[in-house]
Amino acid sequence: MFEVLTFRGTLITSLSAACLAVLSAPAHSDQYDAPAGFYDSATGTGSTLKAQLASIMSSGHIQRSYGSFRFSAAISDRDPDNPDNILLVYNRASVDSTWNLNGTLPWNREHVWPQSRQPGSASNSSTGNLGDPHALRPANTQINSDRGSDPFGFAATTGSYGPVGSSWYPGDADRGDIARSLFYSATRYSGLTLVNGTPSGNQMGDLASLIAWHYLDTPDDFERRRNHVIYSQAENPAYYTNNRNAYVDRPEFVHSVFVDNLNDTQLTLDGGNTAADGASTLDLDFGRVIVGAALPAAQNVTLNKTGNDGTYYEVSTSSSAVTSSVTGRNQAFGVGGGGSRTLEIGLGGSTATAGLIAGDVIIDNLDVTDGFGNGYGDRDGNDVISAHLEVLDHSNAAFAIGFDANSQTIDFGTISQGASGINESSAIMNFASAASLTAGLDLDGIQAAGDTDVFSIDLGTFSSLAAGDNVPFSVFLDTTEAGSFSATYTLFTSDEDLPGATNGDTLTLTVLAEIVAAGFIEGDYDGNGSVGQGDLNLVLLNWGQSELPAGWVATEQYDGVQIGQNELNGVLLNWGSSVPPDVSAIPEPASAIFLGLAGLSMLGRRGGFDRRMARLRVQ
């Protein structure tokens, strides 16, 4: 009935019920659990299991007397909120633990299995079940007298303690404790028998009521501590017994020992996928968040039980990454039909770094009987909730030009006036993190400045651009008018709309172009229709001047700062030309670049290299 499941419920391995029989120790232990291996020999069912438990509970048992309980009760029944007091059975009153305080008896010793219904009579020297602290409880003197030797009964009774017909109801807080004390006595000591209906002789009952109460009132910390302290030499050196009540440690044994080998319960997860062996799996997707976000709220999952019998089940988690509002072995569904229970499943840990937060919640039907068939009782496969959350890095906006660039310059160079179809292409990319867990990218807006009547861009806002993907766009140039033009586009980005989203990178696109008049020869500054010595002289004689000299014709070539490298390049690039070259954004030859550099070596460098020498720049 045990399955190991990975993320999203993929089955890795399965152990048969026969193999699991030897794995009877609890998966998780605490301070009140039995030592590891204590119940390893409890492998049978029915009468065989009862005999095995009787052997376990009697082996090494140190018998204590009825008289010693006057003093050991102060240890075993200590009030957790007041160490000087004890808690009494039935009314759960907290009273001073001192026996015979000031010559009075505010509490006395209650035989859960009445002494009149077992062999012998109690005296301070009595041992066996008459003196066994597992079978004794401190009780209010009057309440003890009122109860007398009444059996327990009426399963459907709820509320406070008291008589119900010819039976006694122990109260909601103690009904399960009383049932397990009687199960212990009927197993540990021969001659004591539990029966349905009205008991006689050395019998006690009503068994059906005790079974019902066992599932309705599961072992709490008070009862578990009491069981452990009675056993433990370290906790109770003067009165320890060195034996334990198996039905407090392993309440799942009760059905097999006191009912039958046909437990008909099956546990399944509402909305899950259920296999033939009763195992169900449920994928619980907590979605995606971005680093630094709060963990999502817990989600409710319904655990269903079918069948008329009661059963105990364990809820455990695979790691601290997943939490459940219900945990531990002492979870139960009662007898008398189906039932359901809500589990709040959450995720723990930190969202400080990108990654997957995931874990499983495992529900194990602990019943040990296998006679009802595959998928029921011990043969009911584990139910697994696989919870997971993706924590994403922030998006990373950049121009898709080979590396993570947040600025880009597109330079159309020199374009003839009236040229058509002039455009340049680029793209915006969402660079993925190394872990490939990156939030989608939103482009929230574009702010344009400069010569936006000359340039246009076919890029609109977008959302949730996946990591590694890009959105291409083009920039178009209107060549209607001649002149030098520039525009700047500022692109505002953010993470996709997820918890933890923030504003992202701001991208800057700069666009440049030089549109020259039709028929103009670049570098023909003297206006004679060809480029040659006269134009070179104009440039060299006026080098560094910020005003155009007389006779300067081609004002389009002037950069608006001072005559220098740009103007020299215009001459050198078109030396000897007498008709307009194709200036539709063709990169200049390397020889022209060499001549331009040579000119600078003679006249001194006054600025950066002509922007038209490189079509595309990245900053």
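Everything numeric in this text was worked out from a predicted model, so none of it was measured.

Trainee: Residues and numbers for the overall build of the chain, please.
Mentor: From N to C terminus, the chain includes twelve helices and 32 strands. Expressed as a percentage of the 619 residues in the chain, the buried residues total 51%. Long-range contacts, defined here as pairs at least 24 residues apart, represent 71% of the contacts in the chain between residues at least 6 apart. Element-wise, carbon and sulfur atoms account for 49% of the exposed surface of the chain, whose accessible area totals about 25,400 Å².

Trainee: How would you explain helix H3 (residues 69–76) if you had to name every residue and give the values?
Mentor: Residues spaced three or four apart along an α-helix point in a common direction, a consequence of the helix completing one turn every 3.6 residues. Looking only at H3, the buried set comprises Phe-69, Ser-72, Ala-73, Ile-75 and Ser-76. On an axial view of H3, the arc spanned by its buried residues comes to 160 degrees, and they lie on one face. Buried residues in H3 make contact with strand S3 (78–79), strand S4 (82–87), strand S6 (107–111), strand S7 (136–140) and helix H7 (221–231).

Trainee: Could you give an account of the packing of aromatic side chains, naming the residues involved and the relevant values?
Mentor: Scanning all chains against the criterion turns up 15 aromatic pairs. Look at Trp-99 and Trp-107: their rings are 5.0 Å apart centre to centre, the planes differ by 75 degrees, and that puts the pair in the edge-to-face class. As far as the burial class goes, Trp-99 and Trp-107 line up, both buried. Ring geometry for Tyr-215 against Tyr-312: centres 5.5 Å apart, planes inclined by 45 degrees, an arrangement best described as tilted. Of the two residues, Tyr-215 sits in helix H6 (residues 207–216) while Tyr-312 sits in strand S16 (residues 311–317), which places them 97 residues apart along the sequence. When sorted by exposure, Tyr-215 lands in the same class as Tyr-312, which is buried. Counting every residue linked through ring pairs, the aromatic cluster contains Phe-38, Tyr-39, Tyr-231 and Phe-253.

Trainee: So what about the sheet that holds strand S14 (residues 280–290)? Which residues, and what values?
Mentor: Here six strands make up an open sheet; going across it, the order is S13-S14-S21-S20-S16-S18 and the pairing mixed. Edge strands, defined here as strands with exactly one partner in the open sheet, are strand S13 (273–274) and strand S18 (328–333). Relative to strand S20 (residues 355–365), S16 runs antiparallel, the two sharing five bridges. Looking at the pairing, Glu-314 lines up with Asp-364 of S20.

Trainee: Tell me about the environment of Asp-270, residues and numbers included.
Mentor: Position of Asp-270 relative to the elements: it lies in the loop between strand S12 (266–269) and S13. Sequence-wise, Asp-270 and Thr-281 are eleven residues apart; in three dimensions their C-alpha atoms are separated by 9.5 Å. For Asp-270, the residues in contact, after removing those within four places along its chain, are Leu-282, Thr-302 and Asn-304.

Trainee: Break down the sheet that holds S3 for me, citing the residues and quoting the values.
Mentor: Strand order in the open sheet formed by three strands is S3-S4-S5, and the pairing between neighbours is antiparallel. Each having just a single partner strand, S3 and strand S5 (94–96) make up the two edges of the open sheet. The pairing of S4 with S5 spans three bridges and is classified as antiparallel. Opposite Asn-85, over in S5, you have Asp-96 as the bridge partner.

Trainee: So what's going on with the packing of helix H5 (residues 175–188) against H6? Which residues, and what values?
Mentor: Describing two packed helices takes the angle between their axes plus the distance from one axis to the other. At their nearest, the axes of H5 and H6 sit 8 Å apart, and the two run at 125 degrees to each other. When the axes of H5 and H6 are compared, the pair comes out oblique. As H5 packs across H6, the resulting crossing turns out to be left-handed. Of the residues in H6, those in contact with Arg-175, Gly-176, Ala-179, Arg-180, Leu-182 and Phe-183 of H5 are Leu-207, Leu-210, Ile-211, Trp-213, His-214 and Leu-216. Across the contact of H5 with H6, the residue classes break down as eight nonpolar, two polar and two charged.

Trainee: Can you explain helix H11 (residues 565–573)? Please cite residues and give values.
Mentor: Among the nine residues in H11, eight count as buried, and that is most of the element. Every buried residue of H11 is listed here: Gln-565, Asn-566, Glu-567, Leu-568, Asn-569, Gly-570, Val-571 and Leu-572.

Trainee: Go over the side chain of Asp-177, please, and point to the residues and values.
Mentor: Structurally, the position occupied by Asp-177 is in helix H5. Judged by relative accessible area, which is 5%, Asp-177 ranks as buried. Non-local contacts of Asp-177, meaning those with residues more than four positions away in its chain, are made with Arg-92, Arg-137, Asp-217 and Glu-223.

Trainee: Outline the side chain of Arg-244, supporting the account with residue identities and numerical values.
Mentor: Along the chain, Arg-244 falls in the loop between H7 and helix H8 (246–249). Looking at Arg-244, the relative accessible area reads 0%, which means it is buried. A polar atom in the side chain of Arg-244 sits 2.8 Å from the backbone oxygen of Tyr-32.

Rules used in this analysis
Residues numbered from 1 in each chain as written. Predicted model: local features only at pLDDT ≥ 70, side-chain atom pairs only at ≥ 80, totals over all residues. Heavy atoms only, no water. Helix = DSSP H or I, 4+ residues; strand = E, 2+ residues; numbered from the N terminus. Buried < 20%, exposed > 50% of the residue type's maximum accessible area, 1.4 Å probe, protein only. Contact = heavy atoms within 4.5 Å. Areas by Shrake-Rupley, 256 points an atom, 1.4 Å probe, with all protein chains shown as cover. Arc of directions from axis to C-beta. Phe/Tyr/Trp six-rings, centres within 6.5 Å; stacked < 30°, edge-to-face > 60°. Pairing = 2+ DSSP bridges. Axes fitted to C-alpha atoms, helices over the stretch in contact; angles between N-to-C directions. Parallel < 35°, antiparallel > 145°, perpendicular 65-115°, else oblique. Left-handed = near helix turned anticlockwise from the far one by under 90°. Nonpolar A, V, L, I, M, F, W, Y, C, P; charged D, E, K, R; others polar. Polar contact = N/O pair within 3.5 Å; in protein donor to acceptor, adjacent residues only side chain to side chain.

Interpretation note: all reported values are geometric properties and have no functional meaning in isolation.
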